[in-house]
Amino acid sequence: METQLKVLAFIQETFEKTLDGYTNEQINQIPEGFKNNLIWNYAHIISALQMLCYVRAGIKPVLDQGFIDRYKIGTKPEGTVSAEEYQQYKAFAKLGVEKLGEDYAAHKFAGFQGFKTMSGIELTNIELAIEYAIMHAGLHSGYILALKKFIK
């Protein structure tokens, strides 16, 4: 599982490097034909990791529930994310992966409750949830690449 956690951290760092190359206005821009923006996609993968691993295991999430709810599936950008909030999201990303590793090592996910994702994939244990989180983050990497083409 160490490799998967490193991959999650790498993906989040890659997102940060991408977003760091844009102004705050640009990361909040919703191009015509899109429903979200760069910062929403970044925050969504951070939120989704909490939902997939903690909420489904019946464990209190590491991150604030308000943040998780703001970026969970089915949401869209609500207002502008400030530069200060973006810096906080970077800290959330690091904390989320670090704490996931610690909690996994401490066997805190023994009560993981299996579920079927919207795409029909059955996640029956924490290992599958973490691997799904990697795939999900990769999907949003594609969205970010598409959005970048339309950011001015």
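It should be noted that the structure appears before, not after, this text.
Residues numbered from 1 in each chain as written. Predicted model: local features only at pLDDT ≥ 70, side-chain atom pairs only at ≥ 80, totals over all residues. Heavy atoms only, no water.

**Student:** So what exactly am I meant to see when it comes to the nonpolar core here?
**Tutor:** Nonpolar side chains in soluble globular proteins tend to be buried together. The biggest cluster of nonpolar side chains holds 43 residues, and the ones touching the most others in it are Leu8, Tyr42, Ile46, Cys53, Phe67, Tyr89 and Leu100. Elements represented by at least two residues in this core include exactly α1 (2-20), α3 (38-53), α4 (65-71), α5 (83-105) and α6 (126-148). Excluding its chain neighbours within four sequence positions, the residues that come into contact with isoleucine 46 are Gln12, Leu63, Phe67, Tyr89, Phe92 and Ala93. (Core = buried A, V, L, I, M, F, W, Y, C linked by side-chain atoms within 4.5 Å. Buried < 20%, exposed > 50% of the residue type's maximum accessible area, 1.4 Å probe, protein only. Helix = DSSP H or I, 4+ residues; strand = E, 2+ residues; numbered from the N terminus. Contact = heavy atoms within 4.5 Å.)

**Student:** Looking at this structure, I do not really get the packing of α1 against α3. What am I missing?
**Tutor:** The N-to-C vectors of α1 and α3 enclose an angle of 160°; their axes lie 10 Å apart at closest approach. With respect to α3, the element α1 is oriented roughly antiparallel. The two elements α1 and α3 cross, and the hand of that crossing is left-handed. Every residue of α3 that contacts α1 at Leu8, Ile11, Gln12, Phe15, Glu16 and Leu19 is listed here: Leu38, Ile39, Asn41, Tyr42, Ile45, Ile46 and Leu49. (Axes fitted to C-alpha atoms, helices over the stretch in contact; angles between N-to-C directions. Parallel < 35°, antiparallel > 145°, perpendicular 65-115°, else oblique. Left-handed = near helix turned anticlockwise from the far one by under 90°.)

**Student:** What's the story with the pattern of salt bridges in this structure? I'm lost.
**Tutor:** One side chain can pair with another of opposite charge once the charged atoms of both are near each other. Here the structure, examined in full by the defined rule, presents eight salt bridges. As a salt-bridge pair, glutamate 16 and lysine 94 come within 3.3 Å of each other at their nearest N and O atoms. Residue glutamate 16 is located in helix α1, and its partner lysine 94 is located in helix α5; the two are separated by 78 residues in the primary sequence. On the basis of relative accessibility, which here comes to 9%, the residue glutamate 16 falls in the buried class. Among the salt bridges present, the one from glutamate 102 reaches lysine 99, with a minimum N-O distance of 4.0 Å. Highlighted residues: glutamate 102 and lysine 99, both in helix α5, separated by three residues, approximately one helical turn. Here glutamate 102 falls in the partly exposed class, since its relative accessible area comes to 49%. Taken together, the shared-partner salt bridges connect Lys99, Glu102, Asp103 and Lys108 into one network. (Salt bridge = Lys/Arg side-chain N within 4 Å of Asp/Glu carboxyl O.)

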